[in-house]
Amino acid sequence: FIIYWLPPILWMAFLFPMTNDALTVESTSYILEPILRWFFPGASNATGWIIHIVIRKTGHFVEYFLLAVLLFRAFRGKSRTLQMRWILYAGCIAVGYGALDEFLQTMTPLRSGEVYDWIIDTSGVVAGLWIIAAKYRSASKKYCCPFS
């Protein structure tokens, strides 16, 4: 449990508070704006805003990419084979958790749940699980079926 299931549970617990007021666009701008001004001193306010939004949306992608990978790892456990049901389970849980996160944000005064954010979350899940499936597929061709 500690090795395989604790990491995704802790990651989900870490993601859950993201529905609170601490990570609004306004609050993250206090952190990101000085950093962006330092890296891009000549950038206009509009350019800085676009970079800020891209960073936030990339965060959505990476958070759920990692969640999907951790969930797959938990379902796989000690096995080194691939079962598509593990990918399906991990994907359904991660996508559902992203939907729950966005839904809960609609009930938070300073946040807004966005379908677009959920789509970005889902694309992170799909990318993570696709990479896992591709890795297993290439490994199986390399060792099992050299002429296929």
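Overview of the structure.

Basis of the calculations
- Residues numbered from 1 in each chain as written.
- Predicted model: local features only at pLDDT ≥ 70, side-chain atom pairs only at ≥ 80, totals over all residues.
- Heavy atoms only, no water.
- Helix = DSSP H or I, 4+ residues; strand = E, 2+ residues; numbered from the N terminus.
- Buried < 20%, exposed > 50% of the residue type's maximum accessible area, 1.4 Å probe, protein only.
- Contact = heavy atoms within 4.5 Å.
- Areas by Shrake-Rupley, 256 points an atom, 1.4 Å probe, with all protein chains shown as cover.
- Axes fitted to C-alpha atoms, helices over the stretch in contact; angles between N-to-C directions.
- Parallel < 35°, antiparallel > 145°, perpendicular 65-115°, else oblique.
- Left-handed = near helix turned anticlockwise from the far one by under 90°.
- Arc of directions from axis to C-beta.
- Salt bridge = Lys/Arg side-chain N within 4 Å of Asp/Glu carboxyl O.

**Re the overall build of the chain**
A tally of regular secondary structure across the chain gives 5 helices and 0 strands. What you see in the chain, going N to C, is helices and strands ordered as α-α-α-α-α. When the 148 residues of the chain are sorted by exposure, 32% land in the buried category. Once local pairs closer than 6 in sequence are excluded, the contacts in the chain between residues at least 24 apart make up 70%. As presented, the chain carries roughly 9,400 Å² of accessible surface, and 74% of it is formed by carbon and sulfur atoms.

**Here's the deal with the packing of helix 1 (residues 6–15) against helix 4 (residues 84–106)**
Where helix 1 meets helix 4, the axes come as close as 11 Å, and the angle between the chain directions of the two elements is 20°. On the basis of the axis angle, helix 1 is roughly parallel to helix 4. The two elements helix 1 and helix 4 meet at a crossing, and its hand is right-handed. For the pair helix 1 and helix 4, contact is made by Met-12, Ala-13 and Leu-15 and by Ile-93, Tyr-97 and Asp-101, respectively.

**A short note on helix 1**
Within the sequence span of helix 1, burial applies to Pro-8, Met-12 and Leu-15. The buried residues of helix 1 occupy an angular sector of 60° when projected down its axis, which confines them to one face. Close packing links the buried residues of helix 1 with helix 3 (45–76) and helix 4.

**Notes on the pattern of salt bridges**
All chains considered together, the criterion is met by 1 salt bridge. Across the salt bridge formed by Asp-117 and Lys-57, the nearest N and O atoms sit 2.5 Å from each other. Of this pair, Asp-117 sits in helix 5 (residues 115–143) while Lys-57 is found in helix 3, placing the two residues 60 residues apart along the sequence. By relative accessible area, which is 5% here, Asp-117 ends up buried. Among the residues examined, Lys-57 registers a relative accessible area of 28% and is labelled partly exposed.

Spatial relationships are all this shows, so hold off on functional conclusions.
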